Amino acid sequence: MSDKIIGVAQRRVEGRQKVSGAALYAADHHLDGQLYAYGVYSSISSGRILAVHDEQARRMPGVVEVLHHGNFPRLHRTPSGAKNLIKNILTASKVDEHRLPFEDDRVYYPGQFVALVVAESFEQARAAAYQVNVDYQADESINSLDDALRTRGARAGGGGHERGDPEAGFQQAAHRIDVTYTTPVETHNPMEMHATTAHWRDGRLFVYESSQGVVNHRNVLANVFDLSTDQVEVLAPYIGSGFGAKLWPWPHSIAACAAARVTKRPVQLMLPREQMFTTVGHRPETRQRMRLATNGEGRLVSIRHESYNSTSTLDNYTETCGGVTKSLYSCPNVLVSHSMGQVNRGTPTSMRAPGAAPGLFALESAIDEIALASGVDPLVFRQNNLASKDESTNLPWSSNHLPEAIEKAAERFGWHQRDAAVGAMREGDELIGYGVGACNWEAFQVATDARVILRADGRALVQCGLQDIGTGTYTIIAQTVAELTGLPMDRVEVQLGNSSFPPGALSGGSWVTASLMPAVAGATRQALDTLREYAVMNDGPFAGQDPQSIELGENGQLSKGGVNASFADVLTRQRLSRAEATYHSGASENDKYSFRSFGVHFVEVRWDPGISRLRVARVVSAIDVGKVVNPLAARNQVEGAIIMGIGMALFEAAEHDPRNGLPVNNNFAEYMVPVHGDQPDIDVLLLDYPDYQLGEFGARGIGEIGVTGLAAAVANAVYHATGRRIRSLPITKEKLMATR
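Analysis parameters
- Counting starts from 1 at the beginning of each chain's written sequence and moves along it residue by residue.
- Totals for whole chains, interfaces and linings use every residue, but because this is a predicted model, local features are given only for residues with pLDDT of at least 70 and side-chain atom pairs only at 80 or more, for both listing and counting.
- Note: side-chain values were computed over all heavy atoms of the structure, leaving out hydrogens and water.
- UniProt positions are given in the numbering used here, feature names are shortened, and annotations may be inferred rather than shown by experiment.
- Strands are runs of DSSP state E lasting at least two residues, helices are runs of H or I lasting at least four, and both sets are numbered from the N terminus onward.
- Atoms counted for the radius of gyration: C-alpha only. Globule rule: 2.2 Å times the number of residues to the power 0.38.
- We call a residue buried when its accessible area falls under 20% of the maximum for its residue type, exposed when it is over 50%, and partly exposed in between, using a 1.4 Å probe and counting protein chains only.
- Between two residues, a contact is recorded if the distance between any of their heavy atoms is within 4.5 Å.
- Shrake-Rupley sampling with a 1.4 Å probe provides the accessible areas, and residues are treated as covered by the protein chains on show and by no other component.
- Here Asp and Glu are counted as negative and Lys and Arg as positive; His is not counted, and neither are the chain ends.
- Here the site of a charge means atom NZ of a Lys, CZ of an Arg, CG of an Asp or CD of a Glu.
- A strand pair is defined by DSSP finding two or more bridges across the two strands.
- Under this scheme, a helix contributes an axis fitted over its contacting stretch, all axes are lines through C-alpha atoms, and angles between N-to-C directions fall in the 0 to 180 degree range.
- Salt bridges are defined as contacts in which a side-chain nitrogen from Lys or Arg sits within 4 Å of a carboxyl oxygen from Asp or Glu.
- The nonpolar core is taken to be a set of buried Ala, Val, Leu, Ile, Met, Phe, Trp, Tyr and Cys residues, with the residues joined through side-chain atoms within 4.5 Å.
- Think of a 1 Å grid over the protein atoms and nothing else: a 1.4 Å probe that fits but is trapped marks a cavity, an open set flanked by protein within 12 Å on at least five of seven lines marks a pocket, and residues with an atom within 4 Å of a point count as lining.
- Grid points are joined across faces, edges and corners, and a volume is the space filled by probe spheres set on the points.
- Side-chain classes follow a simple rule in which Ala, Val, Leu, Ile, Met, Phe, Trp, Tyr, Cys and Pro form the nonpolar group, Asp, Glu, Lys and Arg form the charged group, and the remainder, Gly included, forms the polar group.
- Segment limits for the domains were obtained from an automatic or database-derived domain assignment.
- Residue count minus one, scaled by 1.5 Å, sets the expected span of a helix.
- The crossing is said to be left-handed when, going from far helix to near helix, the turn is anticlockwise and less than a right angle, and right-handed when the turn is clockwise.

Under an unreviewed UniProt entry, the name given to the chain is Xanthine dehydrogenase YagR molybdenum-binding subunit, and the organism recorded is Phytopseudomonas flavescens. Taken from UniProt, the Sequence similarities (unreviewed entry) comment for the chain reads in full: "Belongs to the xanthine dehydrogenase family."

Put into structure tokens, the structure is as follows:
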């Protein structure tokens, strides 16, 4: 590799399509004869449907059908096997909510689909949906995690870890803390709302879907409608982000496909914003008890991280908050456990850095608290207690440059000019606080296939059945092919988001780059080998020569002995249209190392007690994610994650009426997220140490890690500025002003 393209900042190859409006998203497709669907959603949290009164709706203009549990076609559930998901990602058929839409007359959560109106226009469908009246028999509901744990108890969630004797280590320690942290429900709310445009043709199902996994989505629909996978095609060439909510199919997609089959016309269903809070997952509530202890030298001797999260009454979902705790810091006595409490809400799902985001809020806040209890600077405490290997598996790290990341970021931030006394730093009316938090995320390489076609017009075409959710996947693929072929990036065409292409992985878990590049590289090299074979055939520019002796020159040229020939020359001479190869890259089988990415956030907050204003003023982050393939996109990913972490720390909380469980702030007027005025100065340092144990390109994922640890860094900075230790997110001015 020349490193002329990989590792160099590149602009998005699909950028022009997106800014010009040429990029079509799931709800941008308007097919001949298309109908529009609008849901009717439950207004109770638990109970039964006694009657659906749809007579008035059916008489309204444009209404074609009203579907509900009394007339909905009988469908099949998907096996939804999630065991060994990393290894079996290409054959997965997973959903988060296993119940089919309109499966019976039961209501399990507020906002559940209870009817679907299909009409000639969106406006007609929505107007008619408002006229569908439903009679319910409401049951008592459980509306919070605390209520669930108190009335129904906890269920084991799995994913735990134990080593040593944490209780004995705690009791014999010199310094101890025993504290509890809580985080609220957060909702994903990507800019593009969930949407499905479905149509049937000759017994085949075609679906435009806002999906982070077109292959899994296809597999699910095939199971549900009793079709072979080659009878279903799911397309998602452009997606307006997902943050995890679009990993797995939700009831609206199945309902739209069924409505299209019932009406024998294309049907489009786009969820309204308020239903993004009910039917398509969320990050669950958590309650995390942290018991940490140190010896007289400030070394950790015991860590216990016991977490509880809310799940639905339909499905079990575990938020693995302790996934990082078992390995980030060196400690001989560790206990990590996860439990669930059933609440009458929709099923939770993965949200950017699932487990690690709320888990590191608790861990990194507790690390600060035990550092101060031990009389040690919080930064020095972290440096002294970092694990030199993964003690949960007793494996060495594949690559870990966290100590260097801490040193560089601390220097850039100016941590050593910090006055350690609480409330001692001030500028004008504002109190200034400095906080630090480590960030961490798993690293994976999962199975992915890719096809590369070298064409007679001198261009390359790449096809893969995965999707770009806005993170820059199109560009990374183009970089890989351009690097290996010598073609300019503008002569590499990338096609994604079609389940009929060679199967690709889900766009989640920060595994796409590390998984996709080997597949694309393998297909590119095999296509080049095929091209060399064509070049030595009769009438070829290198006729009769050893194909392996032909070198690859600049600008997509084959070269030997002073003779140069372009890809187009070779194919044109043979009257061939292409040299093509499809390559399968399997999941990593390396079990000799522990693979993770590392980083650290330093945060400055400012609190003006006179006007009760809290803001994040400055963030410096250093991230160690192996080879940085595209520094421009990588830095953008971290910056976006930092803003999302600020939202977690200071703004975001989905609120539910304690009397009936109904969401009360299910809109962007009342669900607070950071806006432009909340953005601090952000400085991202990207360490660039390829991790060749994970793969030949040395890249690890960067999408998740930036959000982890950020909320804790904010909370720690708030404590330094105000002396108030806020252990329940979000950190609001009301909590800061509350009587101690």
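**Comments concerning the overall build of the chain**
Of the regular secondary structure elements, the chain holds 16 helices and 28 strands. What you see for the chain is a C-alpha radius of gyration of 27 Å, in line with the 27 Å of a compact globule of 740 residues. Principal-axis analysis of the C-alpha atoms places the extent of the chain at approximately 85 × 75 × 50 Å. Per-residue burial over the chain gives 62% buried out of 740 residues. Pairs at least 24 residues apart make up 80% of the contacts formed inside the chain by residues separated by at least 6 positions. Accessible area of the chain: about 27,400 Å², with a carbon and sulfur share of 46%. Taken as two groups, the 70 positive and 82 negative side-chain charges of the chain have centres that lie 1 Å from each other.

**Re the sheet that holds strand 27 (residues 613–624)**
Ordered by their spatial adjacency, five strands build an open sheet running 17-18-26-27-28, and the pairing between neighbours is mixed. Every other strand in the sheet has two partners, leaving strand 17 (426–427) and strand 28 (681–687) as the edge strands with one partner each. Together, strand 26 (596–608), strand 27 and strand 28 form the strand contacts of helix 14 (residues 631–650), whose direction differs from that of strand 28 by roughly 130°. Against the sheet, helix 15 (residues 710–722) engages strand 18 (430–442), strand 26 and strand 27, with an angle of about 155° to strand 18.

**A look at the pattern of salt bridges**
For the coordinates displayed, the defined rule picks out 43 salt bridges. Its salt-bridge partner being Arg 412, residue Asp 683 comes within 2.7 Å of it at the nearest N-O pair. Here Asp 683 is found in strand 28, whereas its partner Arg 412 is found in helix 10 (residues 402–413), with 271 residues between them in sequence. For Asp 683, a relative accessible area of 24% translates into the label partly exposed. Note that Glu 580 is salt-bridged to Arg 578, the shortest N-O span being 3.0 Å. Exposure remark for Arg 578: the relative accessible area of 38% places this residue in the partly exposed category. Three or more residues are tied together by salt bridges with common partners; here these are Glu 427, Glu 430, Glu 604, Arg 606, Arg 615 and Arg 618.

**Let's talk about the nonpolar core**
Ranked by size, the top nonpolar core spans 90 residues in total, and within it Leu 292, Leu 328, Phe 602, Val 603, Val 605, Val 714 and Ile 731 carry the most contacts. With 51 residues, the next largest nonpolar core counts Ala 447, Val 492, Phe 542 and Leu 571 among its residues.

**So, empty space enclosed by the protein**
Tallied over the full model, the rule gives six cavities of 30 Å³ or more. There is about 70 Å³ of room inside the largest cavity. If you go around the largest cavity, the residues you meet are Pro 110, Val 185, Thr 187, Phe 277, Thr 278, His 282, Arg 345, Gly 346, His 656, Gly 661 and Pro 663. Considered class by class, the residues forming the lining of the largest cavity number four nonpolar, six polar and one charged. Split by domain, the lining of the largest cavity shows at least three residues from each of two domains, domain 2 (33–138 + 187–278) and domain 3 (351–442 + 589–735). What the second largest cavity holds in volume is close to 50 Å³. If you trace the second largest cavity, you find it lined by Gln 445, Thr 513, Ala 514, Met 517, Pro 518, Leu 694, Gly 695, Glu 696, Phe 697, Gly 698 and Ala 699.

**Concerning the sheet that holds strand 13 (residues 267–270)**
The strand order across the open sheet formed by seven strands is 3-5-1-13-10-11-12, and the pairing between neighbours is mixed. Edge positions in the open sheet fall to strand 3 (63–68) and strand 12 (232–235), since each of these has one partner strand only. Pairwise comparison of adjacent strand axes, ignoring direction, gives a mean angle of 20° for this sheet. With six bridges connecting them, strand 10 (residues 195–201) and strand 11 (residues 204–209) associate as antiparallel partners. Note that in strand 11 the partner of Arg 201 across the bridge is Arg 204. The sheet contacts of helix 3 (residues 122–129) involve strand 1 (35–41), strand 3 and strand 5 (113–119), and relative to strand 1 the element is tilted by about 25°. Along the sheet, helix 7 (residues 251–263) makes contact with strand 1, strand 3, strand 5, strand 10, strand 11 and strand 13, crossing strand 10 at roughly 30°.

**Observations regarding helix 12 (residues 512–535)**
Residue pairs spaced three or four apart in an α-helix point in one direction, given the helix's 3.6 residues per turn. Between its first and last C-alpha atoms helix 12 spans 34 Å; for 24 residues at 1.5 Å apiece the expected length is 34 Å, and the two agree. Within helix 12, 18 of the 24 residues are buried, leaving the element largely enclosed by the surrounding structure.

**A short note on the pairing of strand 26**
For strand 26, the buried fraction is high: 13 of the 13 residues fall into the buried class. When strand 18 meets strand 26, the two strands line up antiparallel, connected through 12 bridges. Bridge assignment links Gly 437 to a residue of strand 26, and that residue is His 601. Looking at chain direction, strand 26 and strand 27 are connected through 11 bridges and run antiparallel. Bridged to Glu 604 within strand 27 is Arg 618. Once strand 26 ends, the chain turns through four residues before running back antiparallel as strand 27, passing Ser 612 with a positive phi of about 55°.

**Details of unusual backbone geometry**
In this chain, Leu 729 is followed by Pro 730 through a cis amide linkage whose omega measures -5°. In this fold, Pro 730 is placed in the loop between helix 15 and helix 16 (733–737). Look at Asp 226: it is not a glycine, yet its phi comes out positive at around 55°. Counting through the fold element by element, Asp 226 comes out in the loop between helix 6 (214–224) and strand 12. For Asp 226, a relative accessible area of 61% translates into the label exposed. At Ser 612, a residue that is not glycine, the phi angle is positive and equals roughly 55°. Tracing the backbone shows Ser 612 in the loop between strand 26 and strand 27. Here Ser 612 falls in the buried class, since its relative accessible area comes to 14%.

**Considering the packing of helix 11 (residues 473–485) against helix 12**
In the contact formed by helix 11 and helix 12, the axes pass within 9 Å of each other and the chain directions differ by 35°. The element helix 11 and its partner helix 12 pack so that their crossing is right-handed. Between helix 11, through Thr 473, Ile 476, Ile 477, Thr 480, Val 481, Leu 484 and Thr 485, and helix 12, the contact on the second element is made entirely by Val 512, Thr 513, Leu 516, Met 517, Val 520, Ala 521, Thr 524, Arg 525 and Leu 528. A class-by-class count of the residues in the contact of helix 11 with helix 12 yields 10 nonpolar, five polar and one charged.

**Here's the deal with helix 6**
Burial of helix 6 is extensive: 10 of the 11 residues sit out of reach of the surface. Listed in full, the buried residues belonging to helix 6 are Val 214, Val 215, Asn 216, His 217, Arg 218, Asn 219, Val 220, Leu 221, Ala 222 and Val 224. With its phi angle positive at about 55°, Asp 226 sits one or two positions after the end of helix 6.

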